[in-house]
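For reference, the chains in residue letters:
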Amino acid sequence: MYASFITVASALVASVAAETYATWPATGFTESCSPGGCIGHFNINAPAGYVQGAPAFDVRCNPIYIQRGWLKCDPTGDETAGSEVNAMWVEASTREQIKISVAHIWYQGEARYNASGIQEFASGETTFDIPVTQLTAVL
């Protein structure tokens, strides 16, 4: 228990400093809106080991703006057991911007890891990078 707390506390302190652990490239972003809200679509991937022990992922995400919650992304290839990617479209600083948050969650034995980041970009852009600025572990 004590080691678990130290690991989580260390990870949280590191995330406050806004260190960038990795960068995930996102491509093919499109958006469509209706009176009920907007939905985005994009592909995002990372190689195995982008941070120590992380499995690779290659997914298609479809976050919904009005929903404001995490949605699981769909694998576009082989999916690693115990690993998933989620995305969320959150309110940006201006109406002309889009702000996307992505989280990669995976398990190694009993330990749960979460790498995540957020990026704001101009509406109409089709590519962007998500800087991984938060890395937590619960052992």
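Remember, it's a predicted structure, so these values are computed and weren't measured experimentally.

Caption draft 1: Representation of the state of the cysteines within the structure. Scanning the model with the defined rule gives two disulfides in all. The disulfide that involves Cys33 links it to Cys38, with 1.9 Å between the sulfurs. Between Cys33 and Cys38 the sulfur-sulfur dihedral comes to about 110°; the bridge is accordingly right-handed. On the basis of relative accessible area, Cys38 is assigned to the buried category, the value being 16%.

Caption draft 2: The environment of Ala48, seen in detail. As for its placement among the helices and strands, Ala48 is situated in the loop between strand E2 (37-46) and strand E3 (57-61). Once residues lying within four places of it in the same chain are set aside, the contact partners of Ala48 are Ala54, Pro55 and Ala56.

Caption draft 3: Structural context of the confidence of the model for the protein. Of the residues in the protein, 88% have a pLDDT of 70 or more, and the chain-wide mean is 89. Per-element confidence in the protein ranges from a low mean pLDDT of 45 for helix H1 (residues 2-16) to a high of 98 for strand E8 (residues 111-122). Note on residues 1-15: pLDDT under 50 across the span, and 15 contacts to partners over four residues away in sequence or across chains.

Caption draft 4: Spotlight on the pairing of strand E7 (residues 97-108). Bridge count between strand E6 (residues 83-90) and E7: eight bridges; the pairing is antiparallel. In the sheet register, Val90 faces E7, and the bridge partner there is Lys99. Counting the residues between successive antiparallel strands, the hairpin from E6 to E7 contains six residues. As paired elements, E7 and E8 share 12 bridges and run antiparallel to each other. Counterpart to Gln97 in the pairing with E8 is Ala122.

Caption draft 5: Local environment of the packing of aromatic side chains. Under the criterion given, the structure shown has 12 aromatic pairs. Geometrically, the ring pair formed by Tyr65 and Trp89 is tilted, given 5.6 Å between the ring centres and 55° between the ring planes. With Tyr65 in the loop between E3 and strand E4 (71-72) and Trp89 in strand E6, the pair connects residues that are 24 residues apart, well separated along the chain. We classify Trp89 as buried; its relative accessible area is 5%. Ring geometry for Trp106 versus Tyr113: centroids 5.5 Å apart, planes at 10°, classification stacked. Tyr113 matches Trp106 in its accessibility class, with the two residues each being buried. An aromatic cluster is built from Phe29, Phe42, Tyr65, Trp89, Phe121 and Phe128, whose rings are joined through pairwise contacts.

Each value, and the rule that gives it
- Residues numbered from 1 in each chain as written.
- Predicted model: local features only at pLDDT ≥ 70, side-chain atom pairs only at ≥ 80, totals over all residues.
- Heavy atoms only, no water.
- Disulfide = S-S within 2.5 Å.
- Buried < 20%, exposed > 50% of the residue type's maximum accessible area, 1.4 Å probe, protein only.
- Helix = DSSP H or I, 4+ residues; strand = E, 2+ residues; numbered from the N terminus.
- Contact = heavy atoms within 4.5 Å.
- pLDDT = per-residue confidence, 0-100.
- Pairing = 2+ DSSP bridges.
- Phe/Tyr/Trp six-rings, centres within 6.5 Å; stacked < 30°, edge-to-face > 60°.

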